[in-house]
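The lines below spell out each chain.
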Amino acid sequence: MHSVRTNVSISRRSARRSVRILGVASASAALVLGVSSSALACNISEFSAEAKCDGAKGVITVTDVDASGTNAIVSVFLEENGADAKKVGQQNVKGSSKGVAITFAENWAPNAVYRIHVKAGNQVDADIKENLTTPSTACSTDESSSPSPSESATPSPSASESTPAESDSPAPSASDSTTAPASTSDNAPSPAVGESNLAETGANSNTGLIAGIAATLVVVGGGAVWFGMRRRGAHSGN
């Protein structure tokens, strides 16, 4: 009888010890699973936003470092007087431990305030803890202050350099070509109507023909005078 009781007590102790060991193991497993699940859960602290410049244009960049890769919807709102003035845009993002960035095109003004809201399944539905405030200086381009490489490499000749080249072969101006006719018409008397042909034709005029006709008329006139005087002398003799 004594030996039977001893065996029963030993078996009960072993069973209790086994139950305790299983309980500790179960608690440890639950703790490990809880920690790992909380580590892989998406959290609003894993999202950040920044206002940047892309050349002369402003952009807002949101970065997701959620290692669980939970799909999230990111919405950006412009704030004025503590309220949403407009919705800039909305994009989907799937984060990673290295970080995944999405960009919103927004020509932000200096010191503007934006609210960024994140919706990731049933885990996150909140705004990034602090609203985004843009820099105090707006985006600008350097094209107006510095010339482009093409312009600096091939400078165009200035006006002072091109002037001597043009002066080597000057073209006669309108005033030089019209000075002589203008002075002639103003100072010289205008020719008479009968003399216009002589002034206009020059060497090809009818001067020789007119002189010949005039000489013939003189001869004819002289002969007529001589014939008339002879007849008068004949009549006076009778």
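What counts, and at which threshold
- The numbering scheme is per chain: residues are counted from 1 as the chain's sequence reads.
- Predicted model: local features are reported for residues with pLDDT of at least 70 only, side-chain atom pairs are reported and counted for 80 or more only, and whole-chain, interface and lining totals are derived from all residues.
- The side-chain values count all of the structure's non-hydrogen atoms but skip hydrogen atoms and water molecules.
- Numbering of helices and strands starts at the N terminus; helices are DSSP runs of H or I of at least 4 residues and strands are runs of E of at least 2.
- With a 1.4 Å probe rolled over the protein chains alone, any residue whose accessible area is under 20% of its type maximum counts as buried; one over 50% counts as exposed, and the rest are partly exposed.
- Whether two residues are in contact is decided by their heavy atoms: any pair within 4.5 Å suffices.
- Accessible surface area values rest on a Shrake-Rupley calculation with a 1.4 Å probe, where residue burial reflects the displayed protein chains alone.
- The nonpolar core is taken to be a set of buried Ala, Val, Leu, Ile, Met, Phe, Trp, Tyr and Cys residues, with the residues joined through side-chain atoms within 4.5 Å.
- Criterion for a salt bridge: a side-chain nitrogen of Lys or Arg within 4 Å of a carboxyl oxygen of Asp or Glu.
- By disulfide we mean two sulfur atoms from cysteines, separated by a distance within 2.5 Å.
- Charge counting follows a simple rule: Lys and Arg are positive, Asp and Glu are negative, and His as well as the terminal groups are ignored.
- Counting of polar contacts relies on pairs of N or O atoms within 3.5 Å, with two restrictions inside protein: one atom must be capable of donating a hydrogen and the other of accepting it, and residues adjacent in sequence are counted only when both atoms are side-chain atoms.
- Surface patches are drawn from residues lacking salt bridges whose relative accessible area is over 30%; two like charges belong together within 9 Å, two nonpolar side chains (Val, Leu, Ile, Met, Phe, Trp, Tyr) within 5 Å.
- Residue-level confidence of the predictor is what pLDDT reports, using numbers from 0 through 100.
- Strand pairing is assigned whenever DSSP detects at least two bridges linking the two strands.
- Between N-to-C directions, angles cover 0 to 180 degrees, with each direction set by a line fitted to C-alpha atoms, over the stretch in contact for helices.

Moving on, we come to the overall build of the chain. On a plain count of helices and strands, the chain comes out with seven helices and eight strands. Looking at the 238 residues of the chain, the share that counts as buried comes to 18%. For the chain, the proportion of contacts with a sequence separation of at least 24, taken over those separated by at least 6, is 59%. In the structure as shown, the chain presents an accessible area of about 17,700 Å², 57% of it carried by carbon and sulfur atoms.

Of all hydrophobic cores here, the largest spans 24 residues; its most connected members are Phe47, Val74, Phe104, Tyr114, Ile116 and Val118. Counting only elements with at least two residues in this core, the list comes to β1 (47–54), β2 (57–64), β3 (71–80), β4 (83–94), β5 (100–105) and β6 (113–120). Among residues more than four places away in sequence, those in contact with valine 118 are Ile44, Phe47, Ala72, Ile73, Val74, Val124, Asp125, Ala126 and Ile128.

Proximity of charged atoms lets side chains of opposite charge pair with each other. A complete count under the given rule lists five salt bridges for this structure. With a closest N to O distance of 3.9 Å, glutamate 50 and lysine 52 form a salt bridge. Lysine 52 sits in the partly exposed class, given a relative accessible area of 37%. As a salt-bridge pair, glutamate 106 and lysine 86 come within 3.4 Å of each other at their nearest N and O atoms. Of this pair, glutamate 106 sits in the loop between β5 and β6 while lysine 86 sits in strand β4, placing them 20 residues apart in sequence. Looking at lysine 86, the relative accessible area reads 40%, which means it is partly exposed.

A few words now on the state of the cysteines. With the rule as written, the count across this model stands at one disulfide. Between the sulfur atoms of cysteine 53 and its disulfide mate cysteine 139 the distance is 1.9 Å. Residues cysteine 53 and cysteine 139 are joined by a disulfide whose S-S torsion is about -90 degrees; by sign, that bridge is left-handed. Of this pair, cysteine 53 sits in strand β1 while cysteine 139 sits in the loop between β8 (132–133) and α2 (149–153), placing them 86 residues apart in sequence. Judged by relative accessible area, cysteine 53 falls into the partly exposed class, the value being 43%.

Attention shifts here to the side chain of aspartate 64. Mapping aspartate 64 onto the fold places it in strand β2. The buried charged residue aspartate 64 lacks any salt bridge, with lysine 94 as its nearest oppositely charged partner at 10 Å. A distance of 2.9 Å separates a polar atom in the side chain of aspartate 64 from the backbone nitrogen of aspartate 66. For aspartate 64, the contacting residues outside a window of four places in its chain are Glu46, Phe47, Thr70, Val93, Lys94, Gly95, Ser96, Gly99 and Val100.

Another point: a nonpolar patch on the surface. On the surface, Leu209, Ile213 and Leu217 cluster together to form a nonpolar patch covering roughly 320 Å² of accessible area. Take leucine 217: it is sitting in helix α7 (residues 207–237). Note on leucine 217: relative accessible area 58%, which makes it exposed.

Okay, the confidence of the model for the chain next. For the chain, per-residue confidence averages 73 on the pLDDT scale, and 53% of positions sit at 70 or higher. Note on residues 196–203: pLDDT is under 50 here. Beyond four places in sequence and across chains, it has three contacts.

For a regular strand, side chains alternate in direction, first toward one face of the sheet and then toward the other. Of all ten residues in β3, seven are buried, a share of seventy percent or more. Sheet topology note: the β3/β4 ladder contains ten bridges and is antiparallel. When the bridges of β4 are listed, leucine 78 appears paired with lysine 86. Taken together, β3 and the strand that follows it, β4, pair antiparallel across an intervening segment of two residues, in which asparagine 81 is found at a positive phi of about 55 degrees. The sheet contact formed by β3 and β6 spans seven bridges and is antiparallel.

Another aspect to go through is the sheet that holds β1. With antiparallel pairing, the three strands of this open sheet are ordered in space as β1-β2-β5. Sheet topology places β1 and β5 at the edges, where each strand pairs with a single neighbour. The average undirected angle you get between the axes of adjacent strands in this sheet is 25 degrees. Where β1 lies against β2, eight bridges are found, and the strand directions are antiparallel. What sits directly across from alanine 51, in β2, is isoleucine 60.

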